[in-house]
Amino acid sequence: MDLSSLQACLLFVLQLPGIFAGLREGNCTNHVLDFDKVFSVPGEMAMLHSTLVTSKVFNYPADPYNVTWYDMKTGREVSSKPGRILVRGETLWFLNVTMDDHGEYVSVLRTSTRCYKQAITLVVEQPVHGDCSRPRTTNQMLTNGVSGSLTCPLRDCMDKLKSYNISYSLKWYNGCDLIEDGVGQYTYKRNNQLTVSRVDSNNKRAYTCSVTFTLGGVTGSMSETIAAWVSMQYSLAPQIREPIGEAVKVEIGSNFTKPCQVFVPCKGKPDVILIWQVNENLLWNTKSYDRLHATETRNWSQVEPIEGEWLEKSLVMSEVKEEDLYINYTCVAYSSRGNRRAYFTLLPEDPNVILPIGLLLGGATFLFILSVVTYRLFEMDIVLWLRRAFPVLYANTDLDGKLYDAYVAYPSKCDDGYSNDVETFAIQTLPQVLEKACGYKLFIAGRDCQPGQAIVDSVEENIEVSRRFLLVYDATTFCGKKRPSSTYSNNNNNIVMESQCGDPGGTDGVYFNKTEGISQDPRQRLEVVFATHRALLEGTLKVVLVELEEISPAQLATFPESVRHLRKKQGAVCWWKSQRRGPMCRPFFRGAQDEEKCEKATHRPSPDLSPSSRFWKEMRYHMPVRGKRAVYPEKTALLDLK
């Protein structure tokens, strides 16, 4: 060794403490890479990338920083050299690798307060002569009989070139032969994958992917070799059947179990691992005594319709808490064919509305039934109260062209069915209550007829101008013994009749013959015929049957068919029912004094003459809706002539 060489060695030794002081400065924190070796061959490019520039290491990008690379063989800082080395921040590029580049390189990242370092080894090996594959290979599996894919390991290099906005080309080689895209079994896919269709045993070989690009004025390439092996058993991409992204409602404090079910089309053992993930944290716990845990994975086989394996791993909560709600619980199926994820979310259970709704519906049903029953029991009282309280709800009948609220029909003295009680009720009782107390205006034959007017005209005209027709009768009204024949024509209004009773209004040569079941009084016959015709055929008149005595079936059989039909259809207002509730004279009174008391009792004013009694309420219910009217004294003067 000459003197100059000795001086250079001494100078290098003296500089070593200063060189390594740069590495020790700031007490740098060491971050170890999981894969800290990069393999290359002479003549190719190589990339060493530091992973220190990340938010997991320091407050990036808020804190300013700088990255320095050091060659551990020399201890010197690595700087860019045209055509050989390019330093771009956290990435160290070797543009033309030589055997001398083999060694360990350290990246040091410094901020204003901290220091971090990371070591990467570049391994440079000579390729085997005559072999186009690289000395170091990575293993990947293809499945026999199905399509498979090989992934180029140079994905980080391609991503970095994209970040530099540098274009590149990717080529695949089968041994030394270039694989053309879309030729034979092979297809380029997703920039870094090679798809092999209908894999067979011949595909067990070495495949090389090569990325060619220009960087720092130098055009070069990086390559990696994949040793593909063919498995006679296969495991395709997993299919998660449950959960399906649903929201599950649970009750706080209850236990809960949710299975993750995955089907894997495969032959042999499936290449799938199931893991539950709570938010971003993997749930490895399988201890059953913990509140939140996952069960062991169980599996079972399926042959039809598709051969494969079912996997199931359940998530178990022994007690659901508030903190468990509104969180995504994700089932992850890890597979070499691709990962699959499916989740569900827990939501609080809806309030139990069945009981309140049941009570509400039950209460509404009860109120409805009660309302219907109450209305049926007190229908007349309710309707009469509404008429009195809300008269604006009803149309004013004063403008309908009618003169009377009701036409009162009853048997006269000329009739075989004449009854003094019926006449008294029609002439005195009805006007006393309906006209004087209630303000209605009645037409009563014998009281309101115009002298000299024909019976036919009087009956037809006054029924026409009346809103109701009150037919007052007792058990003997329609039981007359004389039954001459009669004819009636609506077309010519000619009625032929024979009667032993004189006509106070004059007949003008008009006669009337009686039909079956009709008494011989011509006025009552006309009244019944006109009223029932308008009520049953025309529907323009409402007939109210006022029944003073209880009618037996035998007596009812003698009634005109039209009256029987009306009685069956709408019923009758029964005076005799109210009389049953009134005071009665017992037949066992003894002596004249007792008989006198009974007679006085029977002539005592009856409470049934009150408009608020049951009978008169029913009469008012059937009468037309109207306001109070003044009673005409000239029309009621006959009340005092009795």
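Note that residues are indexed from 1 along each chain, following the sequence as it is written. Only residues with pLDDT of at least 70 get local features here, since the model is predicted, and only at 80 or more are side-chain atom pairs given and counted; chain-wide, interface and lining totals rely on the full set of residues. Just so you know, side-chain values use all the structure's heavy atoms and leave hydrogens and water out.

(A) Structural detail: the side chain of D474. Note on placement: D474 falls in the loop between strand 31 (468–473) and strand 32 (487–488). Burial classes: relative accessible area under 20% of the type maximum marks a residue as buried, over 50% as exposed, and values in between as partly exposed (1.4 Å probe, protein chains only). When charges are counted, Lys and Arg contribute as positive and Asp and Glu as negative, whereas His and the chain ends are disregarded. The rule for a salt bridge is simple: a side-chain nitrogen of Lys or Arg has to be within 4 Å of a carboxyl oxygen of Asp or Glu. Although D474 is buried, it makes no salt bridge; R567 carries the closest opposite charge, 12 Å away. Residues adjacent in sequence count toward polar contacts only when both atoms are side-chain atoms; beyond that, a polar contact is any pair of N or O atoms within 3.5 Å, and within protein one must be able to donate a hydrogen and the other to accept it. There is a polar contact of 3.2 Å between the side chain of D474 and the side chain of S419. Among the polar contacts listed, one links the side chain of D474 to the side chain of T477, at a separation of 2.8 Å. Under the DSSP-based scheme used, a helix requires at least four consecutive residues in state H or I and a strand at least two consecutive residues in state E, with every element numbered from the N terminus.

(B) Examining the sheet that holds strand 15 (residues 193–196) more closely. What makes two strands pair is DSSP finding at least two bridges between them. Spatially, 11-15-14 is the arrangement adopted by the three strands of the open sheet, whose pairing is antiparallel. Each edge of the open sheet is held by one strand with a lone partner, namely strand 11 (148–151) and strand 14 (186–189). Put simply, the sheet's adjacent strands are angled 25° from each other on average, direction ignored. Here four bridges tie strand 14 to strand 15, and the two strands are oriented antiparallel to one another. The residue of strand 15 that forms the bridge with K189 is Q193. Throughout, an axis means a line fitted to C-alpha atoms (over the contacting stretch in the case of helices), and angles, computed between N-to-C directions, take values from 0 to 180 degrees.

(C) Up close: the state of the cysteines. Disulfides are defined in this document as cysteine sulfur pairs within 2.5 Å. Under the counting rule described, the total for this entry stands at four disulfides. Through a disulfide, C260 is tied to C331; the S-S separation comes to 1.7 Å. The sign of the S-S torsion, about -65°, decides the handedness of the disulfide formed by C260 and C331: left-handed. Of this pair, C260 sits in strand 21 (residues 256–267) while C331 sits in strand 27 (residues 328–335); the two residues are 71 residues apart in sequence, bridging distant segments of the chain. C331 shares its class with C260; the two are buried.

(D) Structural context of the side chain of R467. Looking at the element boundaries, R467 is found in the loop between helix 6 (455–464) and strand 31. A polar contact is formed between the side chain of R467 and the backbone oxygen of K402, at a distance of 3.5 Å. In this structure the side chain of R467 is engaged in a polar contact, spanning 2.8 Å, whose partner is the side chain of D405.

(E) A look at helix 12 (residues 614–622). Burial in helix 12 covers these residues: F615, W616, M619, R620 and H622. Down the axis, helix 12 shows its buried residues gathered within 165° of arc, on one side only. Each C-beta atom gives one direction from the helix axis, and the arc is the one those directions make.

(F) Looking closely at the environment of K160. In this structure, K160 sits in helix 2 (residues 155–163). Since its relative accessible area comes to 15%, K160 is described here as buried. Leave out the neighbours within four places in its chain, and K160 touches M47, H49, E90, T91 and W93. Residue contacts are defined here by distance: any two heavy atoms, one from each residue, within 4.5 Å place the two residues in contact.

(G) Looking closely at the packing of aromatic side chains. Side-chain rings of Phe, Tyr and Trp, where Trp is taken by its six-membered ring, are said to pair if the distance between their centres is within 6.5 Å; with planes under 30 degrees apart they count as stacked, over 60 as edge-to-face, and otherwise as tilted. A complete count under the given rule lists 26 aromatic pairs for this structure. Taken together, a centroid distance of 5.3 Å and an interplanar angle of 65° make the contact between Y404 and F443 edge-to-face. A residue pair is termed long-range when its members are at least 10 positions apart, and Y404 in the loop between helix 4 (379–389) and strand 29 (406–409) and F443 in strand 30 (residues 442–444) qualify at 39 residues. One exposure class covers both Y404 and F443, and it is buried. For the pair F615 and W616, a centre-to-centre distance of 4.9 Å together with 80° between the ring planes defines the contact as edge-to-face. With respect to burial, F615 and W616 carry one shared label: buried. Every member of this aromatic cluster is reached through a ring pair, and the members are F58, Y60, Y65 and Y116. We note R88 situated over the ring of Y164; from NZ or CZ to the ring centre the distance is 3.9 Å. The positively charged end of K258 is found above the aromatic ring belonging to F344, 5.8 Å away from the centroid. Definition used: whenever NZ (Lys) or CZ (Arg) falls within 6 Å of the ring centre and also within 35 degrees of the ring normal, the charge is taken to sit over that ring.

(H) Examining the pattern of salt bridges more closely. With the rule as written, the count across this model stands at 18 salt bridges. One salt bridge in this structure joins R447 and D448, with 2.9 Å as the shortest N-O distance. Taking relative accessible area as the criterion, D448 reaches 6% and is therefore assigned buried. Taking the shortest distance from any N to any O, the salt bridge between R567 and E547 comes out at 2.8 Å. Linking R567 in helix 9 (residues 561–570) with E547 in strand 34 (residues 542–547), this pair joins segments that are 20 residues apart in sequence. Given a relative accessible area of 1%, E547 falls into the buried group.

(I) Highlighting the nonpolar core. Core analysis: the biggest nonpolar cluster contains 31 residues, and W93, C157, W172, Y207, F213, L215 and M222 have the highest contact counts within it. Filtering out sequence-adjacent residues up to four positions away, F213 remains in contact with M45, W93, C157, L161, S167, Y168, V218, T219, G220 and M222. Residues enter a nonpolar core if they are buried and are Ala, Val, Leu, Ile, Met, Phe, Trp, Tyr or Cys, with the set joined through side-chain atoms within 4.5 Å.

(J) The arrangement of the packing of helix 5 (residues 420–437) against helix 12 in detail. Direction vectors running N to C along helix 5 and helix 12 enclose 80°, while the axes themselves pass 11 Å from each other. Relative to helix 12, helix 5 is oriented roughly perpendicular. Residue-level inspection shows F425, T429, L430, V433 and L434 of helix 5 in contact with helix 12, the latter providing F615, W616 and M619. Its residues assigned to classes, the contact of helix 5 with helix 12 comprises seven nonpolar, one polar and no charged. Here is the rule for angles: anything less than 35 degrees is roughly parallel, anything more than 145 is roughly antiparallel, 65 through 115 is roughly perpendicular, and the remaining ranges are oblique. Any residue outside Ala, Val, Leu, Ile, Met, Phe, Trp, Tyr, Cys, Pro, Asp, Glu, Lys and Arg is labelled polar, Gly included; the first ten of those are nonpolar and the last four are charged.

(K) Geometry of the sheet that holds strand 23 (residues 281–283). Pairing is mixed in the open sheet, where five strands are placed in the order 20-28-27-22-23. What marks the edges here is a single partner per strand, and that holds for strand 20 (247–250) and strand 23. Pairs of neighbouring strands in the sheet enclose a mean axial angle of 30°, with direction left out of account.

(L) Main features of a nonpolar patch on the surface. Only residues above 30% relative accessible area that lack a salt bridge enter a patch, with like-charged residues linked at up to 9 Å and the nonpolar side chains Val, Leu, Ile, Met, Phe, Trp and Tyr linked at up to 5 Å. Under the convention used here, a 1.4 Å probe and the Shrake-Rupley method define accessible areas, while residue burial counts only the protein chains that appear. On the surface, a cluster of nonpolar side chains totalling about 580 Å² of accessible area is made up of F368, I369, V372, V373, L377 and F378. The partly exposed category is assigned to I369, whose relative accessible area is 47%.

(M) Just unusual backbone geometry, in detail. The peptide bond linking Y60 to P61 adopts the cis configuration, its omega dihedral lying at 5°. Among the secondary structure elements, P61 is positioned in the loop between strand 3 (46–49) and strand 4 (66–71). Residue E304 is joined to P305 through a cis peptide bond whose omega torsion reads -5°. Structurally, the position occupied by P305 is in the loop between strand 25 (298–302) and strand 26 (308–317). For N165, which is not glycine, the phi torsion reads 60° and is therefore positive. Inspection of the secondary structure assignment puts N165 in the loop between helix 2 and strand 12 (168–174). With a relative accessible area of 72%, N165 lands in the exposed category. A positive phi angle, close to 55°, is found at Y326, a residue other than glycine. Structurally, Y326 can be placed in the loop between strand 26 and strand 27.

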